[in-house]
Amino acid sequence: MSVSNKDLDPAFQGAGQKAGIEIWRIENFNPTPVPKSLHGKFFTGDSYVILKTTALKNGGLRHDIHYWLGKDTSQDEAGTAAIKTVELDAALGGRAVQYREVQGQETEKFLSYFKPCIIPQEGGVASGFKHIEAEEHQTRLFVCKGKHVVHVKEVPFARSSLNHDDIFILDTKSKIFQFNGSNSSIPERAKALEVVQYVKDTYHDGKCEIAAIEDGKLMADAESGEFWSFFGGFAPLPRKTNSDEHKSSDVAPRLFCVEKGEAVPVEADSFTRELLDTYKCYFLDCGTEVFIWMGRNTSLTSRKAACSTADELLHSLDRSKSHIIRVIEGFETVKFRSKFKSWPQSSNVSVTEDSRGKVAALLKRQGVNVKGILKAETPKEEPQPYIDCSGDLQVWRVNGRKKTLLPASDQSKFYSGDCYIFQYSYPGEEKEDHLIGTWIGKQSVEGERVSATSLASKMVESLKFLSTQARIYEGNEPIQFFVIFQSFIVFKGGVSEGYKNHIAEKELPDNTYAEDGVALFRVQGSGPDNMQAIQVESVASSLNSSYCYILFNGSSVFTWSGSLTTSEDQELVERMLDLIKPNMQSKLQKEGAESDQFWDLLGGKSEYPSQKIAREVESDPHLFSCSLLKEDLRVTEVHNFDQDDLMTEDIFILDCHSDIFVWVGQQVPSNNKMNALNIGEQFLEHDFLLEKVSLQTPIYIVMEGSEPTFFTRFFSWDYTKSTMHGNSFQRKLSILINGRAPVMDKPKRRTAVSYSGRSAAPEKSQRSRSMSFSPERVRVRGRSPAFNALAANFENAGARNMSTPPPTVRKIYPKSVTPADSEKLASRSAAIAALSAGFEQPAPARNFIIPRSTKVIPASPLPKPEPEKNSKENSVEATKPKPETIQEDVKEGDAEDEEGLTVYPYERLKTTSTDPVADIDVAKRETYLSSVEFKEKFGVTKDVFYKLPKWKQNKLKMSLQLF
């Protein structure tokens, strides 16, 4: 489509360059900009053009154009608005969707721009009407309809206007009444209250009384009597009549081709994309909606003619209130494409980019800023997890119909043939949050997949639905999963009963990982807190130039770096090698310079790819309201959504393409809560957005009141709203009348629940989780032999691997033993003293990747070095009054130093202690040791210790399990 200067109205120059709404009113057949202060204020005698510009995640802009026709606007003005809409689309590059909006029949998408509602005023400009300025308040009656957006219409102020099905707002001089029909739903009543607030603010300057009247309560209270007094007293309401309602239902779609100003029917057994010619315009009549399709190679004149033809045809059929939606080839809406039996996933729109370039060049010559018209480059940024990583993790492997708790040393090592359940408990906004999920391996059997889901659901139910539930498939893990596990390894095969029985029954070869066999691991991730090693087939075709790999057999270890990898990628290989083969020296292989032994282990050379493995990326989110009708899922999209759109009686789905969230309100029946995962799976099967999403897309079940931050980030979230009493109508009414919400008791933090059949506290061997972003934590490979020998005396099966960074604990309460046991550690102290002397030597230079810290722990003042005290002095000090916050935790063997800081035995300060000290700065445990015990444990005095470099201090504390 060619565009010339005469085709572009000067009023549209520079339009659509930034996100927001722009409005023009048709005055003397020309578009005139409407100031922002008047947005949402429409007059019944006018026609308007509305442009909605949305900023997309990929950096581009999306445009939706609407033209609104007041009930009293002239035919000429309406025609001008339709034509100007086509011109505006051409100025924007010819890819916007265009909607016709008729007063009283507006689309939900249009009304969502002007929440909570629009109430058109009498009057107009070009139509000859005068704007009516209200001098004195007049009593008016409005009817409200809609669950997600509200259609507001003024009706005659008479009893006959009321009915049992709708909601009415009576606006009087001193009071606003909301009358709720007995057949209206709670969400509809709640949405109508937003209109009450709008009327109060707009017509009463926010100063008037509010009253809610329930249909059927008769004269039960004074406010009901006051309401009915405006109608001459109470009398039974008539049944609702639909004689004045617009009756237009969906019909079998009919396709017409526009030729020489006439609509010619297109005969076909079923509609396919091949029927549409890029050099022509068509319109698809679906009853309440009429789509006009414009080929990319049609002229602006042809498009205008097609719009006029469609308008004339609908006017002759008395269908003037039908919605008209105009779409451009290559940018069809989901609803339009759904009318066709077959539609290709992507269309060739190279012409589109060319035309946008021509339009941009034309506008640039006119001095218009063309930023945003050309497609913006996709911003390159790492996805953020939006989850606190300082929590506690427990993992179970599913064995048949049961689950087995894994020790801490194995909880990040999964097998592709097995299914796992994990529970992650971490600090939330106001309470302890829980994430319970299932991980389903690619080679796992169906029986154990079902068992994993069932067992996880029971865990969620036992927590009274206060946790978030996740269903995750291997290969589709979200960023939240990886940062929880930090260093994640997937082995081939399986060790569960279900997997072993399956391969035995099918007589399949067992390819389960064996330490002395040949194995190839692909290493991936973005940093030390998000790194994975995935076992792949041990053949050359499994390599990829964009990744690093670890290859080994019983006696040899190789690390292979692709030509497209970075130094950060190669650092991750060293870290993962510490976990997989910590005691073997590796041989570095660079792409193109591999040894024969390397290729022999892979069975010889072969071709392999160089592109990174494509993963689903997060797209602009869509919110859907869900309902089940005879087990058939029905969804309705909620446009321009916010937190207030989430009604406590309903279930909603937030679709982000890379993962979906099923939000369940507090007042949803329990049987529907248990069915939430099934609803999410049905949503993926139906693919309502026609994106061909994977059925293995991660699904999160989010319960109202327990929303995680990686869900709330899509909203402007207020946590108090999700902890209110009552249904959605009662909540909003309380806010409207009292100015505040009825809030439930503030939930308290609770410890993680153990499902191992033992204590409610996590297993002692489970490692302490931590924020893994501290700049003081560095993962290093290649420790000295002296340090390895020393560390071997302190490491145990439940401790974290020494080659990975020790956790900087945010709020973990360590435990230890009594001072009497300190004599047993004399040999250990001597070893530490020898080691600390070695620390005085400068360390060899090395480039480390130091993760950024997302949380800062305030440092506590350090005590000054003090001389030893005899037992008598200690006994005197022990009798001194303690600070109230510490006194509760002081036990036998605790004391207080000269600075007034309580000191504790070493064994009570260890991270693995069975008797932890509470209410201390856990990042500075060593400050609570007495001077004598400090020197005994570290081999140096406090003043010498704090002069050491930070990394040396950390190594000493790590070896003593004080980190």
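Residues numbered from 1 in each chain as written. Predicted model: local features only at pLDDT ≥ 70, side-chain atom pairs only at ≥ 80, totals over all residues. Heavy atoms only, no water.

Caption draft 1: The arrangement of the pattern of salt bridges in detail. Tallied over the full model, the rule gives 35 salt bridges. A salt bridge links Lys175 to Glu223, with the nearest nitrogen and oxygen atoms 3.6 Å apart. Separated by 48 residues along the polypeptide, Lys175 in strand S9 (residues 175–180) and Glu223 in helix H4 (residues 222–229) bring together distant segments of the chain. Judged by relative accessible area, Lys175 falls into the buried class, the value being 6%. Ionic contacts of the salt-bridge type, sharing partners, join the residues Lys115, Lys191, Glu194, Asp645 and Lys732 into one network. (Salt bridge = Lys/Arg side-chain N within 4 Å of Asp/Glu carboxyl O. Helix = DSSP H or I, 4+ residues; strand = E, 2+ residues; numbered from the N terminus. Buried < 20%, exposed > 50% of the residue type's maximum accessible area, 1.4 Å probe, protein only.)

Caption draft 2: Examining the nonpolar core more closely. Membership of the largest hydrophobic core comes to 79 residues, with the highest contact counts inside it found for Phe481, Phe485, Phe521, Ile550, Leu654, Phe661 and Phe711. Ile436, Ala452, Phe624 and Ile701 belong to the second largest nonpolar core, which has 34 residues in total. (Core = buried A, V, L, I, M, F, W, Y, C linked by side-chain atoms within 4.5 Å.)

Caption draft 3: Here's a closer look at the side chain of Ser322. Secondary-structure assignment places Ser322 in the loop between helix H5 (300–316) and strand S15 (323–328). Under the relative-accessibility criterion, Ser322 is labelled buried at 1%. There is a polar contact of 3.2 Å between the side chain of Ser322 and the backbone oxygen of Gly287. (Polar contact = N/O pair within 3.5 Å; in protein donor to acceptor, adjacent residues only side chain to side chain.)

Caption draft 4: Main features of the packing of aromatic side chains. Tallied over the entire structure, the rule returns 66 aromatic pairs. Ring centres 5.2 Å apart and planes at 55 degrees place the aromatic pair Phe227 and Phe231 in the tilted group. By the burial criterion, Phe227 is buried, and Phe231 matches it. Judged by centre distance (6.1 Å) and plane angle (50 degrees), the ring pair of Phe482 and Phe488 falls under tilted. The class of Phe488 is buried, set by a relative accessible area of 0%. Put simply, the rings of Phe157, Phe168, Phe177, Phe179, Phe227, Trp228, Phe230, Phe231 and Phe234 pair up and form one aromatic cluster. Between Arg273 and the ring centre of Trp343, over which it is positioned, the NZ or CZ distance is 5.4 Å. Cation over ring: Lys612 sits above Tyr547, and NZ or CZ is 5.6 Å from the ring centre. (Phe/Tyr/Trp six-rings, centres within 6.5 Å; stacked < 30°, edge-to-face > 60°. Lys NZ or Arg CZ within 6 Å of the ring centre and 35° of its normal.)

Caption draft 5: Broad picture of the environment of Gln961. Residue position: Gln961 is located in the segment after helix H23 (950–959). By relative accessible area, which is 15% here, Gln961 ends up buried. As for Gln961 and Ser913, which are separated by 48 residues in sequence, their C-alpha atoms are 9.4 Å apart.

Caption draft 6: Expanded view of the sheet that holds strand S19 (residues 419–427). If you walk across this open sheet you meet the ten strands as S17-S16-S19-S20-S21-S32-S31-S30-S28-S29, and the pairing is mixed. Here the strands that pair on one side only, and so sit at the sheet edges, are strand S17 (402–405) and strand S29 (632–638). The mean angle between the axes of side-by-side strands here comes to 25 degrees, regardless of whether they run parallel or antiparallel. Here five bridges tie strand S30 (residues 651–655) to strand S31 (residues 660–664), and the two strands are oriented antiparallel to one another. Each bridged residue has a counterpart across the sheet, and for Ile651 the counterpart in S31 is Val664. Sheet strands in contact with helix H8 (residues 446–462) are strand S16 (392–399), S17, S19, strand S20 (432–440) and strand S21 (468–473), and its direction is about 25 degrees off that of S19. (Pairing = 2+ DSSP bridges. Axes fitted to C-alpha atoms, helices over the stretch in contact; angles between N-to-C directions. Contact = heavy atoms within 4.5 Å.)

Caption draft 7: Looking closely at the packing of helix H3 (residues 186–203) against helix H16 (residues 728–738). Taken N-terminus to C-terminus, the directions of H3 and H16 make an angle of 20 degrees; their axes are 8 Å apart at the nearest point. What the angle tells us is that H3 and H16 run roughly parallel. The two elements H3 and H16 meet at a crossing, and its hand is left-handed. Within the contact between the two elements, H3 uses Ile186, Pro187, Arg189, Ala190, Leu193, Glu194, Val196, Gln197 and Lys200 and H16 uses Ser728, Phe729, Lys732, Leu733 and Leu736. Partitioned by chemical class, the residues of the contact of H3 with H16 number eight nonpolar, two polar and four charged. (Parallel < 35°, antiparallel > 145°, perpendicular 65-115°, else oblique. Left-handed = near helix turned anticlockwise from the far one by under 90°. Nonpolar A, V, L, I, M, F, W, Y, C, P; charged D, E, K, R; others polar.)

Caption draft 8: Examining the environment of Leu455 more closely. Positionally, Leu455 belongs in helix H8. A relative accessible area of 15% places Leu455 in the buried class. The sequence separation of Leu455 and Lys403 amounts to 52 residues, and the corresponding C-alpha distance is 8.1 Å. What Leu455 contacts, discounting residues up to four positions off in sequence, is Arg401, Lys402, Lys403 and Ile421.

Caption draft 9: Representation of the confidence of the model for the protein chain in the model. Put simply, the protein chain has an average pLDDT of 79, and 76% of its residues get 70 or more. Of the regions scoring below 50 in pLDDT, residues 746–826 engages in 236 contacts with residues more than four places distant in sequence or in other chains. (pLDDT = per-residue confidence, 0-100.)

Caption draft 10: Geometry of the pairing of strand S5 (residues 97–102). Most of S5 is tucked away: six of the six residues are buried. Across six bridges, the pairing between strand S4 (residues 61–69) and S5 is parallel. Counterpart to Trp68 in the pairing with S5 is Glu101. The handedness of the S4 to S5 crossover, carried by helix H1 (residues 75–91), is right-handed. With three bridges connecting them, S5 and S15 associate as antiparallel partners. When the sheet's bridge partners are listed, Tyr99 is paired in S15 with Ile325. (Right-handed = clockwise from strand over helix to strand, strands pointing away.)

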